[in-house]
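Okay, here's what each chain looks like letter by letter:
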Amino acid sequence: MMWLSWRQFRVQALVGAGALAVIAVYLVYLGGDIRDAHDVYRANCENSANCAQARAQFRSAYQNTLLFMATGLALIPALIGTFWGAPLVARELENGTHRLVWNQSVTRPRWLLSKILLMGAAAVLVTGAAAALLTWAARPFDNVVKEQFDTFVFGARNIAPIGYAAVAFTLGTVIGLLLRRTLPAMAVTLVVFLAFQFFFPNVVRPSLMPPEKATLQMTEQAINQAQNLGSLGGGSVIGGVKIPGAPDAWIAETSPLRTADGQTLSGAKFNDCLDSPPKTGAGGTFGDTAVCLAKQNLHVDVLYQPRSRYWAFQGLETGIYLVLSVILTAFGLWRIRRRVS
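From a predicted model like this one, the values you see are computed outputs, not experimental measurements.

### Structural notes on the overall build of the chain
Helices and strands together make up the secondary structure of the chain, namely 11 helices and 5 strands. Long-range pairs, those at least 24 residues apart, make up 79% of the contacts in the chain with a sequence separation of at least 6. A total of about 17100 Å² of accessible surface is found on the chain, and carbon and sulfur atoms cover 61% of it.

Right, here's the structure in full:
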């Protein structure tokens, strides 16, 4: 049974192996380039001022490239579910070739399970190898920038992509089993898994562990270390704040800017500092605006996850995806035994 499954799968396996080889060559080159730039960054990091500038240059040189690679890696499980999982059973049922096997001594569940195990293992291997290569290539960058909890970064490093590949493949297989038509199954699999990839990191992941709470004073230095002020929706908001002593913590939620009595800073006062602050000649990211806001004795309340929980989140998320893939496989075995003719 395994030999027959391999014969049917060999073209997809060769395509996957070729794509992985191309990815490996590029990531090995990229990893070497990042390490060379990291050596330059360390050499230029002689004092706090030079260090900040060297860090900004190092970050800007590779941030977009690594973000693009992380996005590409996130698409690998989606493509595996669409082009490997969805047609796995749907094509057999659509063409009627399943009857040839089912009329032999092989049972339906064994037929389906052998296919899932063989091609599921290949899906996990390809995705896991690509994730390991990207993790290695980006390690010096991640150690400097410390954004491992970023949505795209988290899902493209270490073991999490393995779980994504497993659940994407089994999801596509089950959808193909239910729809029994190849093209509709591929389209539905792609849409459902992409929606799930958006839903899980933004809704489920923040709830996996209770967050820590902290109140951060918005001094001039703290404001200049943030990533942005204001938002498209308006309001006295600040984004990308850092926790002193724990710059690599995951900030799950940040309150609006608040005054000493706990009231939200009015939009009018915030906009005055943002649009027409008193001229002081201050430097930094936000310059005079940071000085203006800092004089109002502001703070924000944040919910955050310490960096020490990173591997706990990786393990929990990967485990959830693997359990989901087992549940989908069990449902597929039940369905093919009782409902598919």
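### Considerations on the UniProt feature "transmembrane region" (unreviewed entry) in the chain
The UniProt record marks residues 12–32, 66–90, 111–138, 158–179, 186–204 and 318–336 with the feature "transmembrane region" (unreviewed entry), using the residue numbering of this structure. Summarising residues 158–179: 91% helix, 0% strand, and an end-to-end C-alpha distance of 34 Å.

### A look at the pattern of salt bridges
A complete count under the given rule lists 6 salt bridges for this structure. The closest approach of N and O atoms between Glu317 and Arg205, which form a salt bridge, is 2.7 Å. Residue Glu317 is located in helix α11 (residues 310–338), and its partner Arg205 is located in the loop between α7 (182–204) and β1 (212–217); the two are separated by 112 residues in the primary sequence. Residues Glu317 and Arg205 agree in their burial class; the two are buried. Between Arg309 and Glu212 there is a salt bridge, and its shortest N-O distance comes to 2.8 Å. In this pair, Arg309 is assigned in the loop between β5 (299–305) and α11 and Glu212 in strand β1, connecting sequence segments 97 residues apart. Take Glu212: its relative accessible area is 33%, and that puts it in the partly exposed class.

### Details of unusual backbone geometry
The phi dihedral of Arg180 falls on the positive side, at around 65°, and the residue is not glycine. In this structure, Asn297 is a non-glycine residue whose phi angle is positive, near 55°. Within the secondary structure layout, Asn297 lies in the loop between α10 (287–294) and β5. On the basis of relative accessible area, Asn297 is assigned to the partly exposed category, the value being 45%.

### Let's talk about the packing of helix α6 (residues 160–179) against α11
Where α6 meets α11, the axes come as close as 8 Å, and the angle between the chain directions of the two elements is 20°. Looking at the two axes, α6 sits roughly parallel to α11. In the crossing of α6 with α11, the sense of the turn from one axis to the other is left-handed. Among the residues forming the contact of α6 with α11, the class breakdown is 14 nonpolar, 7 polar and 2 charged.

### Let's talk about the state of the cysteines
Summed over the entire model, instances satisfying the criterion amount to 1 disulfide. Between the sulfur of Cys273 and that of Cys292 lies a disulfide, 1.9 Å long from S to S. Looking down the S-S bond of the Cys273 and Cys292 bridge, the torsion is -60°, so its handedness is left-handed. A residue pair is termed long-range when its members are at least 10 positions apart, and Cys273 in helix α9 (residues 267–275) and Cys292 in helix α10 qualify at 19 residues. For the pair formed by Cys273 and Cys292, the shared burial category is buried.

### Let's talk about the packing of aromatic side chains
Counted by the stated rule, this structure contains 16 aromatic pairs. Taken together, a centroid distance of 6.4 Å and an interplanar angle of 45° make the contact between Tyr26 and Tyr29 tilted. In this pair, Tyr26 and Tyr29 are both assigned in helix α1 (residues 2–44), 3 residues apart and thus about one turn of the helix distant. On the basis of relative accessible area, Tyr26 is assigned to the partly exposed category, the value being 35%. Ring centres of Phe149 and Phe154 lie 6.1 Å apart, and the angle between their planes is 10°; on these two criteria the pair is classed as stacked. One exposure class covers both Phe149 and Phe154, and it is buried. The structure contains a cluster of three or more aromatic residues connected by ring pairs, namely Phe149, Phe154, Trp250, Tyr310, Trp311 and Phe313.

Rules used throughout
Positions within a chain are numbered from 1, following the residues in the order the chain's sequence is written. At least 70 in pLDDT is required for a residue's local features to be given in this predicted model, at least 80 for side-chain atom pairs to be given and counted, and no such filter applies to totals for whole chains, interfaces and linings, which use all residues. The basis for every side-chain value is the complete set of non-hydrogen atoms in the structure, without hydrogens or water. Strands here mean DSSP runs of E at least two residues long; helices mean DSSP runs of H or I at least four residues long; both are numbered from the N terminus. Contacts are assigned to residue pairs with any non-hydrogen atoms lying within 4.5 Å of each other. All accessibility values rest on the Shrake-Rupley procedure with a 1.4 Å probe; residue burial counts only the protein chains present in the view. UniProt positions are given in the numbering used here, feature names are shortened, and annotations may be inferred rather than shown by experiment. The salt bridge criterion pairs a side-chain nitrogen of Lys or Arg with a carboxyl oxygen of Asp or Glu, the two atoms within 4 Å. Each residue's exposure class comes from its accessible area (1.4 Å probe, protein chains only) as a fraction of the maximum for that residue type: buried when under 20%, exposed when over 50%, partly exposed otherwise. Structural elements are reduced to axes, namely lines fitted to C-alpha atoms, with helices fitted over the stretch in contact, and the angle between N-to-C directions of any two is expressed from 0 to 180 degrees. Reported orientations rely on four angle classes, namely roughly parallel under 35 degrees, roughly antiparallel over 145, roughly perpendicular from 65 to 115, and oblique for the rest. Here a crossing is taken to be left-handed if its near helix is turned anticlockwise relative to the far helix by less than a right angle, and right-handed if that turn runs clockwise. Under this grouping Gly is polar, as are all residues other than the nonpolar Ala, Val, Leu, Ile, Met, Phe, Trp, Tyr, Cys and Pro and the charged Asp, Glu, Lys and Arg. Working definition: a disulfide is two cysteine sulfur atoms within 2.5 Å of each other. Whether two aromatic rings pair depends on their centres lying within 6.5 Å, for rings of Phe, Tyr and Trp, where Trp uses its six-membered ring; planes under 30 degrees apart make the pair stacked, over 60 edge-to-face, and the rest tilted.

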